[in-house]
Number of protein chains: 2
Amino acid sequence: MIAPLTLNVPSCIEFGSGKLSTLPFHLKNQNRIFFLVDAPILARIDPLISELKKSGKTVLVSTEVVPEPPLEALEILLAPVRAFSPDAIVGVGGGSAMDLAKLVSVLFDGKQKTQDVIGIGKVSGRGVRLVTVTTTAGTGSEVTPIAVLTDTQAKLKKGVVSQYLIPDVAIVDPNLTLSLPAAVTAATGMDAMTHCIEAYTNKHAHPIIDNLAIEGTRLIAANLERCIRNGSDLDARTSMALGSLYGGLCLGPVNTAAVHAMAYPLGGTFKVSHGVSNSVLLPFVMAFNLSGNLKKYADIALAIGAAKGHDDEETAFNGVLKIRQISNACGIPQSLKDLNIPESAIPEMAKAALLVTRLMDNNPRKVELKDAEAIYLKAYHGRVERE
Amino acid sequence: MIAPLTLNVPSCIEFGSGKLSTLPFHLKNQNRIFFLVDAPILARIDPLISELKKSGKTVLVSTEVVPEPPLEALEILLAPVRAFSPDAIVGVGGGSAMDLAKLVSVLFDGKQKTQDVIGIGKVSGRGVRLVTVTTTAGTGSEVTPIAVLTDTQAKLKKGVVSQYLIPDVAIVDPNLTLSLPAAVTAATGMDAMTHCIEAYTNKHAHPIIDNLAIEGTRLIAANLERCIRNGSDLDARTSMALGSLYGGLCLGPVNTAAVHAMAYPLGGTFKVSHGVSNSVLLPFVMAFNLSGNLKKYADIALAIGAAKGHDDEETAFNGVLKIRQISNACGIPQSLKDLNIPESAIPEMAKAALLVTRLMDNNPRKVELKDAEAIYLKAYHGRVERE
């Protein structure tokens, strides 16, 4: 029987080429608007900010977006926003910009401190309108109840999960992704693919989310290389934007699993970007996981265009090889060694990954400490093996 | 290229068995709650109303739900709600109860009159929280921006379409459908199937909605007869609830087409229920439409379990026959004659149907007056023919 599910989503998703222009409409009832914008995209947003100002609104703009944002970056943002006292907050950029905007929207009033809200369901509410505009395809953060911070002292990524982080409006306009450098396109695109694959094969998978996840997987596999070859291919960029949106919609209700858990130490300790961390680990975790959900990994394989084998096991493993082929074709590093992560770091990383229980608990196959170490070792050498 | 699309949806959809119990949570910040409840379900809602009252809230309950609600039924509801001045409105029931609750939520403050809001985008706003609880599977009204009224003088159905009619929260709990009589299950189930089929084959179809529509079609075809045979089959009821929810999600962005347009006069003039009107006409309109979108009608045919033919045309027509077989097995009348509609009414009904341009414009094949007359005539005699 289909299990119960709560779907918390933005009440409006503006999807498609040109949809950025709807932003002023979605702020028509607000007067004091705080924008947090990834600096490279500011010029694209400026005309809309001018339009808002001309219509009599007060706007404060910050470009203080730090990648893989540390706790301190958030604290630095809060004071001026508190002084400004906005009635709307708009986050424009990749996952870091949107995550920071989401956190600012629930914390600027000073009722809760950052440390109070880390974890699941700790945010007590949100008093302002929140709009996200994604410029990558992508983290999916534009629609998720999740924001991730880096605890630089503990060298750990820390997640804030709350329905109050879900924006009122999410704008997904693929025009904004046309100027993304190939490396960012590749890393964020493989991140989105990982969201879809980890949701579809999840221990807590759900038919409603499966329907989005498998279609997202298909769209991303069919279009990511096209975007790398020609960044201004709007058709491919649009399909990637939809695949990424689907991936984002998977995260609240089902979420990710061991790939994301094992990627966190790469970001926390070695500053490897979230997308690259996930991409490098994805095939190795998949190879480990296959036996935990053969049928669904075979579905994934067929959705990404891998050859059908003589049984699900062979098909599923063809899928692992196909993932590696796609990420390689997109110029993504293929091993931890390529990322200059020392082999000696593996035991500590394995310990840290196992602490991310909120994601590890979703994995279709139980990951013991020795398993995590073995997966990291294979990823270190870049050797994908059938288990 | 994937076209732009605006998705306006409830920010929370509670789906699945037992989800009715979340209702008090979704009203935690409101104090004066107006309930409009279909009388037969009131006993199921009473414990929750008591819970709300015990927590200090003031509740007003009405069961003044008129099927296929005439304009006057809405006017009668508005005065007491205005006097009560609620901060939340909850509609519990089938399409009529939810449509009325949605309309009351935007009209009770008296700023606009009913006549002002008929049409598309005429509602100026909504000041109260709106929650829908569907008890059929179904009209999909729990998630749509649409409410339909009957103009008894003009003998016409009139639609109000506005994003402000979209509820904040939609609760879809299949437990509430367990006690539905078979005839209501059949008619509302075929209505939901019609939503999915008319969205999927729509002239303005969209890949995002196609993904929901084809899965909704599959779920309903696979489970409707099971619900008729055994009304307490919670597994089948749950799948029907999801299929119906998917159908509802199709209505805002893409909507229906000639089946619904041609069904309106049956309701407006002859008081045939919305679900039965759609069910009777569906195979006849499909047979007419096939050539307008062969490939997609073939997809529909395969999704509902019809036999694959030697080409799309044959497959698609097998789908028409399969639809008829399903609706017949569910005990639905198979002709206008069965509904006691006189053959002499056809010319007037055809004229009235062509006036519903907001839906006729969506149809995959242009319907001229003579086409509408021919379709009604075939439906009168109950003869499905390959064109």
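Residues numbered from 1 in each chain as written. Chains lettered and ligands numbered in written order. Predicted model: local features only at pLDDT ≥ 70, side-chain atom pairs only at ≥ 80, totals over all residues.

Trainee: Explanation requested: the sheet that holds strand β8 (residues 146–151) of chain B in the structure shown.
Mentor: All names here are of chain B. If you walk across this open sheet you meet the three strands as β6-β9-β8, and the pairing is mixed. In the strand order of this sheet, the two ends are held by β6 (119–120) and β8, each with one partner. Bridge analysis of β6 against strand β9 (residues 156–161) gives two bridges, and the strand direction is parallel. Each residue of the ladder has a partner; that of I120, found in β9, is V161. (Pairing = 2+ DSSP bridges. Helix = DSSP H or I, 4+ residues; strand = E, 2+ residues; numbered from the N terminus.)

Trainee: Would you mind going over the relation of the copies chain B and chain A with me for this structure?
Mentor: Both copies of the chain are related by a screw-like operation: a rotation about an axis and a shift along it. When chain B is brought onto chain A, the operation consists of a screw motion whose angular component is 180° and whose axial shift is 0.0 Å, with 0.0 Å RMSD remaining. In short, the pair behaves as if placed about a two-fold rotation axis. For chain B, the minimum C-alpha distance to the rotation axis belongs to S11 of chain B and amounts to 2.2 Å. When the interface residues of chain B are mapped onto chain A, 96% of them again fall at the interface, so both copies present the same face. (Least-squares fit on C-alpha atoms with pLDDT ≥ 70 in both. Contact = placed C-beta atoms within 7 Å.)

Trainee: Sorry if this is basic, but what is going on with the interface of chain B and chain A here?
Mentor: One frequent convention defines the size of an interface as the accessible area lost when the parts assemble. In this assembly, 27 residues from chain B lie in contact with 26 residues from chain A. Only β1 (5–8), β2 (12–15), α6 (207–229) and α7 (234–251) of chain B provide two or more residues apiece to the side of chain B that touches chain A. Its residues placed into classes, the side of chain B that touches chain A shows 14 nonpolar, nine polar and four charged. (Nonpolar A, V, L, I, M, F, W, Y, C, P; charged D, E, K, R; others polar.)

Trainee: Explanation requested: the domain arrangement of chain A in the structure shown.
Mentor: Residue and element names in this part refer to chain A. In terms of domain boundaries, chain A breaks down into domain 1 (12–177) and domain 2 (182–381). Averaged C-alpha coordinates put domain 1 and domain 2 at centres separated by 26 Å. Of all the secondary-structure elements, those providing two or more residues to the side of domain 1 that touches domain 2 are β8 (146–151) and β9 (156–161). In terms of residue count, the dominant contributor to the side of domain 1 that touches domain 2 is β9 (three residues). (Domains from an automatic or database assignment.)

Trainee: How do you make sense of the packing of helix α10 (residues 294–303) of chain A against helix α11 (residues 312–329) of chain A when you look at a structure like this?
Mentor: For any two helices packed against each other, the geometry is given by the interaxial angle and the distance between the axes. All names here are of chain A. Put simply, α10 and α11 touch, their axes get as near as 7 Å, and they point 50° apart. By the criterion of interaxial angle, the relationship of α10 to α11 is oblique. Here the hand of the crossing between α10 and α11 comes out left-handed. Across the interface between the two elements, L294, K295, Y297, A298, I300, A301 and L302 of α10 pack against D312, E313, T315, A316, N318, G319 and K322 of α11. A class-by-class count of the residues in the contact of α10 with α11 yields seven nonpolar, three polar and four charged. (Axes fitted to C-alpha atoms, helices over the stretch in contact; angles between N-to-C directions. Parallel < 35°, antiparallel > 145°, perpendicular 65-115°, else oblique. Left-handed = near helix turned anticlockwise from the far one by under 90°.)

Trainee: Mind showing me how you'd approach the environment of A88 of chain B here?
Mentor: All names here are of chain B. Its place among the elements puts A88 in strand β5 (residues 88–93). Overall, the presence of 23 C-beta atoms within 10 Å leaves A88 in the buried class. Those residues within four positions of A88 in sequence are excluded, and the remaining contacts are L27, Q30, I33, V128, R129 and V131. (Buried ≥ 20, exposed ≤ 12 C-beta atoms within 10 Å, placed from the backbone.)

Trainee: How should I be thinking about the pairing of strand β10 (residues 169–172) of chain A in this particular structure?
Mentor: Strand residues, when the strand is regular, have side chains that alternate between the two faces of the sheet. All names here are of chain A. On β10, burial covers both faces: V169 and I171 on one face and A170 and V172 on the other are all buried. Two strands pair when backbone bridges link them, and strand β2 (residues 12–15) and β10 are joined in this way by four bridges, in the parallel orientation. The residue of β10 that forms the bridge with E14 is I171. Where strand β7 (residues 129–134) meets β10, four bridges bridge the pair, whose relative direction is parallel. Note on β10: the bridge partner recorded for V133 is I171.

Trainee: Help me understand α7 of chain B, please; the structure alone is not making it clear to me.
Mentor: Along an α-helix, residues three or four positions apart point the same way, because every turn accommodates 3.6 residues. Taking 1.5 Å as the rise per residue, α7 of chain B with 18 residues should run 26 Å; its terminal C-alpha atoms sit 26 Å apart, in good agreement. Most of α7 of chain B is tucked away: 16 of the 18 residues are buried. (Expected span 1.5 Å × (residues − 1).)

Trainee: Could you clarify how one ought to interpret the packing of helix α8 (residues 258–270) of chain B against helix α12 (residues 346–354) of chain B in this entry?
Mentor: All names here are of chain B. Here α8 crosses α12 at 130°, and the two axes come no closer than 8 Å. On the basis of the axis angle, α8 is oblique to α12. Once α8 is placed against α12, the crossing between them reads as right-handed. Note on element contacts: α12 touches α8 through M349, A352 and A353, opposite A261, M262, Y264 and P265. When its residues are assigned to classes, the contact of α8 with α12 shows seven nonpolar, no polar and no charged.

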